[in-house]
Amino acid sequence: MPELRKDPVIDRWVIIAQERAKRPIDHLPASIYDSKGFCPLCPGHEVKTAQPVYTDWIGSEDGSKKDWRLRVVLNKFPALVHDGDPSIQKDGLYEKMDGLGAHEVVIETPEHHYSMADYDDDQMKSVIIAYRERILELRKDSRFRYILIFKNYGIEAGASLSHPHSQIIALPIVPKRIIEEMKGAHSYNLKHHRCVYCEMIQQERLFQQRVVLENADFIAIEPFAARFPFETWILPKRHESHFEFINGSAVDRLTTLLRDVLWRIKQVLNDPPYNFMFHTSPQNDPGNLDYHWRLEITPKLTKVAGFEWGTGFFINPMAPEIAADLLNNY
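The present account deals with the structure reproduced in this document.

1. Focus: the overall build of the protein chain
For the protein chain, the helix and strand inventory stands at seven helices and 14 strands. For 330 residues, the compact-globule formula gives about 20 Å, and the C-alpha radius of gyration of the protein chain, at 20 Å, lands near that figure. When burial is assessed residue by residue, the protein chain has 46% of its 330 residues classed as buried. The long-range fraction of contacts in the protein chain, counting pairs at least 24 apart against all pairs at least 6 apart in sequence, stands at 68%. Summed over all atoms, the accessible surface of the protein chain reaches about 16,600 Å², with 53% contributed by carbon and sulfur. Here the protein chain holds 40 positive side-chain charges and 46 negative ones, and the gap between their average locations is 2 Å.

2. Some remarks on the packing of helix H5 (residues 249-269) against helix H7 (residues 320-328)
Remark: H5 packs on H7, axes separated minimally by 9 Å, with the N-to-C direction vectors making an angle of 100°. One finds that H5 runs roughly perpendicular with respect to H7. Between H5 and H7, the contacting residues are Arg264, Ile265 and Val268 on the first element and Leu326, Leu327 and Asn328 on the second. Split by residue class, the contact of H5 with H7 holds four nonpolar, one polar and one charged.

3. Comments concerning unusual backbone geometry
Phi at glutamine 208 takes a positive value of approximately 55°, unusual for a residue other than glycine. Along the polypeptide, glutamine 208 turns up in the loop between helix H4 (196-207) and strand E10 (211-214). With a relative accessible area of 43%, glutamine 208 lands in the partly exposed category. Non-glycine residue phenylalanine 230 carries a positive phi angle of around 65°. Here phenylalanine 230 is to be found in the loop between strand E11 (218-221) and strand E12 (232-236). Given the relative accessible area of 4%, phenylalanine 230 is considered buried.

4. Brief notes about the environment of histidine 242
Along the chain, histidine 242 turns up in the loop between E12 and H5. Classification of histidine 242 by relative accessible area gives buried; the value is 2%. With 46 residues separating them in the primary sequence, histidine 242 and asparagine 288 have C-alpha atoms 8.2 Å apart. In this structure the side chain of histidine 242 is engaged in a polar contact, spanning 2.8 Å, whose partner is the side chain of serine 241.

5. Things to note about the pattern of salt bridges
In this structure the tally under the stated criterion is 31 salt bridges. One salt bridge connects lysine 151 with glutamate 108, and the closest N-O pair in it is separated by 3.1 Å. With lysine 151 in strand E8 (residues 146-153) and glutamate 108 in the loop between strand E7 (102-107) and helix H2 (121-138), this pair connects stretches of sequence that are 43 residues apart. The buried category is assigned to lysine 151, whose relative accessible area is 2%. For the salt bridge of glutamate 181 with arginine 177, the shortest nitrogen-to-oxygen distance reads 3.0 Å. Taken as a pair, glutamate 181 and arginine 177 lie in helix H3 (residues 176-192) at a separation of four residues, close to a single helical turn. Using a relative accessible area of 11% as the deciding quantity, one classes glutamate 181 as buried. Residue class for arginine 177 comes out partly exposed when judged on its relative accessible area of 35%. Counted as one network, the salt bridges with shared partners bring together Arg177, Glu181, Arg227, Glu231, Arg294 and Glu296.

Basis of the calculations
Residues numbered from 1 in each chain as written. Predicted model: local features only at pLDDT ≥ 70, side-chain atom pairs only at ≥ 80, totals over all residues. Heavy atoms only, no water. Helix = DSSP H or I, 4+ residues; strand = E, 2+ residues; numbered from the N terminus. Rg over C-alpha atoms; globule rule 2.2 N^0.38 Å. Buried < 20%, exposed > 50% of the residue type's maximum accessible area, 1.4 Å probe, protein only. Contact = heavy atoms within 4.5 Å. Areas by Shrake-Rupley, 256 points an atom, 1.4 Å probe, with all protein chains shown as cover. Lys, Arg positive; Asp, Glu negative; His and termini not counted. Charge placed at Lys NZ, Arg CZ, Asp CG, Glu CD. Axes fitted to C-alpha atoms, helices over the stretch in contact; angles between N-to-C directions. Parallel < 35°, antiparallel > 145°, perpendicular 65-115°, else oblique. Nonpolar A, V, L, I, M, F, W, Y, C, P; charged D, E, K, R; others polar. Polar contact = N/O pair within 3.5 Å; in protein donor to acceptor, adjacent residues only side chain to side chain. Salt bridge = Lys/Arg side-chain N within 4 Å of Asp/Glu carboxyl O.

Here's what the structure looks like:
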């Protein structure tokens, strides 16, 4: 079973998951990325994955289920598993707990050679709705305190399969990064009586120096203190603390904005590897007035090296104002 262990100095948890060493990329890199190789996520190979926990079907004209547009399955090499005890165990000065959680794979499309930047609106909307529905389902388990959606695109970004997919992990603890963000947002609200993210959006819209795109519900910006070249944030313009409560026209507008942003990144940067991560409020923290959910997209254009690891500082060789101008004017 995986195990969670806590650093006693900085209260950071790590996951020890030895089964992850058996992932395909560790043993079959050539066949995974060879167009002629076997892909367990492609149509016709459904028996090679776990049973789906969610499926978006493409209906036939008579209304019957025909082919799948998207599938969500349990990860065969999970970082965390459903079984286990969420209580903390002491080991001298150390603390640990069972690797309890959930780890799912969102198979975003049947098309092996697509990238998310190439999706049409129907496919992108299917992905966003799947994210929402899976969080809403997973949050019913009171043992899970935080649910993360993320995507690794390309080998350099950590992808172990080339077929378009993203992942959902439910955790029994709130990650340190999210705790720090929430504390910072709360401190700003106490001092200024406003949400710092709402203030950020207001200033970016006013000066238009780092805005990439916006529509009625969402804005895409290059953040003022961007850590990486072309780091891009997508935020709801109205204060919302939880991504999973997105509904109605907001789903459609996030669909079009995300697709447009990813297409611009692909064109300007020649289809770079990237990660994206949803930052949202913990499941047991409804209606947070301080915290504002967002989607971070970070192309892998630079290496995180000794200086960054040793100090926590990032060196970004691209001013976010220039990056925003390049993406905005493509």
